[in-house]
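Below are the chains, spelled out letter by letter.
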Amino acid sequence: TIPDAMNAANDSDTIMLGADITLGSQIVINKIITLDGAGHTLFAPFAGGPGNVNNSAINVNSSGVTIENLTVDGTGSTGIHGINIYNVTDINLNNVTVSNNSKAGVTVASSAVTVNNISTLDNAWGGINVDLGSQLPLSSSSLTVNGVSNHSEVNADIWIDDITKDVSVVDTNSQYSHTDTG
């Protein structure tokens, strides 16, 4: 299982999926690893718990993590984000698709994240939320967008909840238009 692989992994290891996997609860990444989906999908059809417990398919709790070549599909989920990234730096999402989650596709909170060729599709709240979040310590958040992104959202592709805080989005290929709504 992925939790078994996480427990056995050492910092700098790569965990590679060999097949699609259906999750019953969130995966917590708390080591400096690369999670390589090898083109496979993590299905997350579960319900999130109260008070932000178990509220994402993947929860990144360690700096220096890379997630690549993976689809995170929340079809059938209630109360979950695709990927939550809180209070960490040097996170890379490469060739990742996040779809059908009942909240945001990706949440970047008090973190520094770079996405390369990301796709977000049909996530209820929108594609990528860049914010400070509610967990301490609150510092700054940054999202750097490289490569070509694809989004199919009813709500915003990328959004910042409060532009008066230390939050930034760097769009290296000028793919997005924006409106500062405060």
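As a starting point, this report considers the structure included with it. In this text, all values refer to a predicted model and were calculated from it rather than measured experimentally.

This part covers the sheet that holds strand β15 (residues 158–160). One open sheet holds the 6 strands; their spatial order is β3-β5-β7-β9-β12-β15, and the pairing between them is parallel. The two strands at the open ends of the sheet, each matched to only one other strand, are β3 (27–29) and β15. Taking each pair of neighbouring strands and ignoring which way they run, the sheet shows an average axis angle of 15°. Relative to strand β7 (residues 81–86), strand β5 (residues 56–60) runs parallel, the two being bridged by 4 bridges. Bridge pairing links V60 to I85 in β7.

Sheet topology places strand β6 (residues 66–73) next to strand β8 (residues 91–99); 7 bridges connect them, and they run parallel. If you follow T71 over to β8, its bridge partner there is T97. Note: β8 against strand β10 (residues 112–116), 4 bridges, orientation parallel. Bridging from a neighbouring strand, L93 pairs with V115 of β10.

Core analysis: the largest hydrophobic core is formed by 40 residues, its most contacted members being I29, I58, V60, I67, I83 and L93. Considering each element in turn, this core owes the most residues, 4 residues, to β8.

Trans peptide bonds make up the majority, and among non-glycine residues the majority have a negative phi. Within the chain, A38 stands out as a residue other than glycine whose phi angle is a positive 50°. In this structure, A38 sits in strand β4 (residues 34–43). For A38, a relative accessible area of 39% corresponds to the partly exposed category. Positive phi, normally seen in glycine, also occurs at N69, with a value near 50°. Of note, N69 is situated in strand β6.

Looking now at the side chain of D73. In this fold, D73 is placed in strand β6. Put simply, D73 is tucked away with no salt bridge, and the nearest opposite charge, on K103, sits 17 Å away. In this view, D73 contacts T41, L42, F43, A44, S99 and N100; residues no more than four positions away in its chain are not counted.

As a further point, take the environment of M6. Inspection of the secondary structure puts M6 in helix α1 (residues 2–8). We classify M6 as buried; its relative accessible area is 5%. Ignoring sequence-local partners within four residues, the contact set of M6 consists of I15, I27, V28, I29, K31 and I33.

Rules behind the numbers
- The numbers attached to residues start from 1 for each chain and follow its sequence in the written order.
- Confidence filtering applies because this is a predicted model: local features only for residues at pLDDT of at least 70, side-chain atom pairs given and counted only at 80 or more, and all residues used for totals across whole chains, interfaces and linings.
- Excluded from the side-chain calculation are hydrogens and water; included are all heavy atoms of the structure.
- Any two strands between which DSSP finds at least two bridges are classified as paired.
- Under the scheme used here, helices are H or I runs from DSSP no shorter than 4 residues and strands are E runs no shorter than 2 residues, and both carry numbers assigned from the N terminus.
- Between N-to-C directions, angles span 0 to 180 degrees; the directions come from axes that are lines fitted to C-alpha atoms, helices contributing only their stretch in contact.
- As used in this record, nonpolar core signifies buried Ala, Val, Leu, Ile, Met, Phe, Trp, Tyr and Cys residues forming a set joined through side-chain atoms within 4.5 Å.
- The buried label goes to any residue with under 20% of its type's maximum accessible area, the exposed label to any with over 50%, and the partly exposed label to all in between, with areas taken from a 1.4 Å probe on protein chains only.
- We count Lys and Arg on the positive side and Asp and Glu on the negative side, and we leave His and both chain ends out.
- Definition used for salt bridges: Asp or Glu carboxyl oxygen within 4 Å of a side-chain nitrogen of Lys or Arg.
- When checking whether two residues touch, look at their non-hydrogen atoms; a contact exists if any pair is within 4.5 Å.

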